[in-house]
Structures are given as structure tokens and as C-alpha cells.
Amino acid sequence: MSSRTAAVGDAPRQRASRLSAILDLLATEGRLSVTDAAAQLTVSEATIRRDFAELARRQLVTRNHGGVVATSVAYELPFRYRTSQNDSDLDRIAAAAVALVEPGAVVAMNGGTTTTTVARSLTAREDLSSRGLTLVTSALNIAVEAVLRPHVRCVCLGGIPRPESYEVTGPLATAGLSQLWIDVAILGVNGLSAREGATCHHEDEAAVSRLMVERARDVIVVAAESKLGERAFTEICDAAQITHIVTTADAKDPRVAELRESGATIHCV
């Protein structure tokens, strides 16, 4: 293959990576000028103008004089989702969980601050430009962000949303999910122990998460140290059904040792 042919073949991947990076910058800044974007991404201003035009065509940004602004959604996310965006513990959990997912995978996620951070990290991966990713989620806020990614096919389950978590539940959610096969389910929980397994506060949310486990080949539970050894109201799955656990607990924590004996691979971050 000639060098010219290789360059042409790489162009779509490079552009997809830039578009994703521009969306990341807009998520933080709210607005972006051509000059600033060109400097931060180390490309020409002409390239950035073409990228801005493409994002505007897809209705992902709004053009203004000299740059773009983020396209606003119809509602504000709950306060706890906005304040969790710079949590270092969640960032460490997200980095470790994302490393366990292969490009091209079908990934299911429930809602919560931890899975929201994981979803942001996962959908921003540059290597998705080659094989993409399918994200199936019961959380409306995760779907709203994921749909902006050019190489993510986002499947948002139907159902009745819970205002506190933006998770959809009920027969519409389970009916849709029951028709899908999942490679990896990434679940946030309210409690996790070797004896009681993964648990959460609401039985309707647990029913959707439980079905994700049943339809998935691998199950990753993401949980802060405070969730270990705790038991919430209703069961999601047994500890033996969990493939990986990503947690901020210390590797020498007795609760970690108990969960390791159940068969899960533990990633302490």
C-alpha cells in the first residue's frame, strides 16, 4: 500500500478522533473558538472550521462568530451528576473498568454517578474509531451524552424514568433488553458483599440490572470502598455471577479477599 493510500485510509479515523476531542472540550468549556481549538488539537484553523461545520450539520453544536457553543439539552442533569464530573475516585474506577472493554463490544450500563463517569470515559476512547461500540443503557443521562459520539451506537431502553437516577424501569425496559445479547454489563450498585452479592435500593431498577447480568457474557461491578460489605434492599445478582470488580478499596481489605474467593477478579485502584 502506498503512503498516499494509507494517509487517505487514516483520515476518517483522525477526523473522528478530533470530533470526539472537540465534544470533550465543549463539555468542559461550553464554547470554543476556532483559534483555541486549533491550538489545543495542533491542527490548522481551516481543519477546525471544517470540523465545526460537520458537528453543526449533525446538530451537535451551534455555530457562532469565530467558533461554536455546545448544543443545550432540554433539561439539566441532577446536581449529583454535575458535581461528580471531577471526582478522582470515580475517574480511577472508570479508567480501570474501561480498560476491560474491547472495541466493537456491546456494553450494557445501568445508572448512577459511577457508571456515568465510566460511560464518559468509555465513549471518549480514541480506539473506537476503528470498530466502534454499542452502548445499551437504562440511564437517560448516559444516553444523552453517548449519542453525541460518532462511533457509538447508543441503544436507550424504554420505560418509566426515575427522577432521582434517570434510570428507566418497567416492562418496556425489560422487554427490549430481553431481545439483546450483551458482551459486557457494567453495573453500579448500592451494596456489594460476598454473601449478599450486588444489591441496590429499588426493586424496579434491580430487575433491569438483573436482566443485564443474565444477558451478558461478562459482568463488571464498579463500586467505591464504601459500598463493600453493605447490603441494600434488593438483590441484583450473586457474587459468583460477577466477572470483575473495580473498587477503591485496599487490596488487603478482608472484604476484597472474600469477594475474590467468590471467583471475581478484583481491580483495586
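For clarity, every value in this text was computed on a predicted model and none was experimentally measured. (Residues numbered from 1 in each chain as written. Predicted model: local features only at pLDDT ≥ 70, side-chain atom pairs only at ≥ 80, totals over all residues. Heavy atoms only, no water.)

Undergrad: Talk me through the environment of Arg-162; I want residue IDs and the actual numbers.
TA: Of note, Arg-162 is situated in the loop between strand S7 (160-161) and strand S8 (168-169). By relative accessible area, Arg-162 is classed as buried at 18%. Between the alpha carbons of Arg-162 and Asp-204 there is a distance of 9.8 Å; along the sequence they are 42 residues apart. Beyond its immediate chain neighbours, meaning those up to four positions away, Arg-162 contacts Glu-167, His-202, Asp-204 and Glu-205. Looking at Arg-162, its side chain comes within polar contact range of the side chain of Asp-204, at 2.7 Å. (Helix = DSSP H or I, 4+ residues; strand = E, 2+ residues; numbered from the N terminus. Buried < 20%, exposed > 50% of the residue type's maximum accessible area, 1.4 Å probe, protein only. Contact = heavy atoms within 4.5 Å. Polar contact = N/O pair within 3.5 Å; in protein donor to acceptor, adjacent residues only side chain to side chain.)

Undergrad: Please provide a residue-by-residue account of the packing of helix H2 (residues 34-41) against helix H3 (residues 45-57), values included.
TA: Their axes nearest at 9 Å, the elements H2 and H3 cross at an angle of 110 degrees. The orientation of H2 relative to H3 falls into the category roughly perpendicular. Judged by the twist between their axes, the crossing of H2 over H3 is right-handed. The segment H2 lies against H3, with Val-34, Thr-35, Ala-37, Ala-38 and Leu-41 engaging Glu-45, Ile-48, Arg-49 and Phe-52. A class-by-class count of the residues in the contact of H2 with H3 yields six nonpolar, one polar and two charged. (Axes fitted to C-alpha atoms, helices over the stretch in contact; angles between N-to-C directions. Parallel < 35°, antiparallel > 145°, perpendicular 65-115°, else oblique. Left-handed = near helix turned anticlockwise from the far one by under 90°. Nonpolar A, V, L, I, M, F, W, Y, C, P; charged D, E, K, R; others polar.)

Undergrad: Before we move on, can you summarise unusual backbone geometry with the specific residues and values?
TA: Within the chain, Thr-42 stands out as a residue other than glycine whose phi angle is a positive 55 degrees. Mapped onto the elements of the fold, Thr-42 is located in the loop between H2 and H3. On the basis of relative accessible area, Thr-42 is assigned to the exposed category, the value being 70%. With a phi angle near 65 degrees, Tyr-166 is a residue other than glycine that sits in the positive phi range. The residue Tyr-166 is located in the loop between S7 and S8 in this model.

Undergrad: Any details on the sheet that holds strand S6 (residues 152-156)? Residues and values, ideally.
TA: Strand order in this open sheet of seven strands is S6-S5-S4-S9-S12-S14-S15, and the pairing throughout is parallel. The strands lining the two open edges of the sheet, one partner per strand, are S6 and strand S15 (265-268). Adjacent strand axes in the sheet meet at a mean angle of 20 degrees when their direction is disregarded. With four bridges joining them, strand S14 (residues 244-247) and S15 adopt parallel strand pairing. Paired with His-244 across the bridge in S15 is Thr-265. (Pairing = 2+ DSSP bridges.)

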